[in-house]
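# Examining the three-dimensional arrangement
The lines below spell out each chain.
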Amino acid sequence: MSAVATGVHAVAYPASIDVNTSAFNPPCDGDPNAVVPKMQAAAVAAYGRLGHAATGFTGAAFTRAATLTRTVNDWGYYVHSHGDYYWHSGDSRRYTGFREDSGDCVQSVIFSKDIKAKRAGRQSNLVFVSTCHAADSNTTMPDAFAIAKTKSIGSSSQGPEFYVGYLGVQWDTDEWIFEQRYWNALANDRSVGAAFDIAMLGAFNHAGFDADWWGTYAWSGLAGPITICPRCI
């Protein structure tokens, strides 16, 4: 199923919001999870406010094939799923990746190399990978979206791009706390970097929660190739 598309630049700047509901609910997981749908709805709304044509996909609509078809045109991207540094048997090496939903418990891995091949170096805006290990030091996911693993701070800029991910193993409840703070800060005209700092403030349920970012700290997050931030702080 998919959510209604939102955003001012509905034709020009699509953003896919992929959320793996099946993995975090029975029968794939023993406990029902009410947080995941909230994460999807919040991300769709947030990308819409940034000017994207944001559409949510879950269940049978979030498959490896569908994601790789959509990524060719996506300017923004959000995913919540299981993620890791998965072994790729064909290449005899590991890549960062995440699991599709597919409406079942099989859930094939979407590797960073798959996304990179489809996007072929095209520009990305805000990419939020809400999975475990998405921002580990060895992550290969930012490169899939042509985002350099550098932090451009102050007057330094690498263009309108920003990547957010989690370090190590994290829990949905902490990720949801972080994401609410992050989206709210962006809605209050904070830059993508300042919103990250705000989201890290305050308590989390687990002391080991951590996240990281790469991109242009002072960028507004608004969709498209060139944007102006109202306050950029």
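Everything numeric in this text was worked out from a predicted model, so none of it was measured. (Residues numbered from 1 in each chain as written. Predicted model: local features only at pLDDT ≥ 70, side-chain atom pairs only at ≥ 80, totals over all residues. Heavy atoms only, no water.)

### Quick notes on the sheet that holds strand S2 (residues 53-57)
Taken in spatial order, the seven strands make up an open sheet running S2-S1-S3-S7-S9-S10-S8, and their pairing is mixed. With one partner strand each, in any of the chains shown, S2 and strand S8 (151-152) form the two edges of the open sheet. (Pairing = 2+ DSSP bridges. Helix = DSSP H or I, 4+ residues; strand = E, 2+ residues; numbered from the N terminus.)

### What to know about the packing of helix H5 (residues 172-187) against helix H6 (residues 192-200)
Two elements in contact, H5 and H6, have axes whose closest approach is 8 Å; the angle formed by their N-to-C orientations is 140 degrees. Put simply, H5 runs oblique to H6. Where H5 crosses over H6, the handedness of that crossing is right-handed. From H5, Phe-178, Arg-181, Tyr-182, Ala-185 and Leu-186 reach across to H6, where they touch Val-192, Ala-195, Phe-196, Ile-198, Ala-199 and Met-200. Partitioning the contact of H5 with H6 into residue classes produces 10 nonpolar, no polar and one charged. (Axes fitted to C-alpha atoms, helices over the stretch in contact; angles between N-to-C directions. Parallel < 35°, antiparallel > 145°, perpendicular 65-115°, else oblique. Left-handed = near helix turned anticlockwise from the far one by under 90°. Contact = heavy atoms within 4.5 Å. Nonpolar A, V, L, I, M, F, W, Y, C, P; charged D, E, K, R; others polar.)

### Overview of the sheet that holds strand S6 (residues 109-111)
Here we have three strands laid out as an open sheet, ordered S4-S5-S6, and antiparallel in their pairing. Each edge of the open sheet carries a strand with a single partner, namely strand S4 (83-88) and S6. Between one strand axis and the next, the sheet turns by 50 degrees as a mean value, whatever way the strands run. Here helix H3 (residues 112-119) sits on the sheet in contact with S4, strand S5 (93-99) and S6, set at roughly 55 degrees to S6.

### Observations regarding the pairing of strand S10 (residues 211-216)
The element S10 is largely enclosed, with a buried count of five among its six residues. Looking at chain direction, S8 and S10 are connected through two bridges and run parallel. The partner of Lys-151 across the bridge, within S10, is Gly-215. The sheet contact formed by strand S9 (residues 162-166) and S10 spans five bridges and is antiparallel. If you follow Val-164 over to S10, its bridge partner there is Trp-213. (Buried < 20%, exposed > 50% of the residue type's maximum accessible area, 1.4 Å probe, protein only.)

### Side note on helix H1 (residues 35-49)
In a regular helix each residue adds 1.5 Å, so 15 residues correspond to 21 Å; H1 covers 21 Å between its end C-alpha atoms and thus fits that length. In this fold, the buried residues of H1 make contact with strand S1 (14-19), S2, strand S3 (76-80), strand S7 (126-130) and H5. A positive phi of about 100 degrees marks Gly-51, the residue just after H1. (Expected span 1.5 Å × (residues − 1).)

### A closer look at the state of the cysteines
With the rule as written, the count across this model stands at one disulfide. Between the sulfur atoms of Cys-28 and its disulfide partner Cys-105 the distance amounts to 2.0 Å. Residues Cys-28 and Cys-105 share a disulfide whose torsion about the S-S bond is about -95 degrees; that sign makes it left-handed. Linking Cys-28 in the loop between S1 and H1 with Cys-105 in the loop between S5 and S6, this pair joins segments that are 77 residues apart in sequence. Judged by its relative accessible area of 29%, Cys-28 falls in the partly exposed class. Cysteine Cys-132 remains unbridged, with the sulfur of Cys-28 as its closest cysteine sulfur at 16 Å. (Disulfide = S-S within 2.5 Å.)

### A look at the pattern of salt bridges
According to the stated counting rule, one finds five salt bridges in the structure shown. With its nearest N and O atoms 2.6 Å apart, the salt bridge here joins Asp-143 to Lys-116. Separated by 27 residues along the polypeptide, Asp-143 in helix H4 (residues 141-144) and Lys-116 in helix H3 bring together distant segments of the chain. Asp-143 gets classed as partly exposed once you look at its relative accessible area, which sits at 41%. (Salt bridge = Lys/Arg side-chain N within 4 Å of Asp/Glu carboxyl O.)

### Thoughts on the side chain of His-133
In this fold, His-133 is placed in the loop between S7 and H4. In this structure, His-133 is in contact with Gly-83, Asp-84, Thr-96, Thr-139, Tyr-166, Gly-168 and Val-169, ignoring residues within four places of it in sequence.

### Digging into H5
Given a rise of 1.5 Å per residue, 16 residues ought to cover 22 Å, and the 22 Å separating the end C-alpha atoms of H5 matches this to within 8%. All of the buried residues in H5 are Asp-172, Asp-174, Glu-175, Trp-176, Ile-177, Phe-178, Glu-179, Tyr-182, Trp-183, Ala-185 and Leu-186. Next to the buried residues of H5 lie H1, S3, S7, S9, H6 and S10. Where H5 ends, the next residue or the one after it, Asp-189, has phi of about 65 degrees, a positive value.

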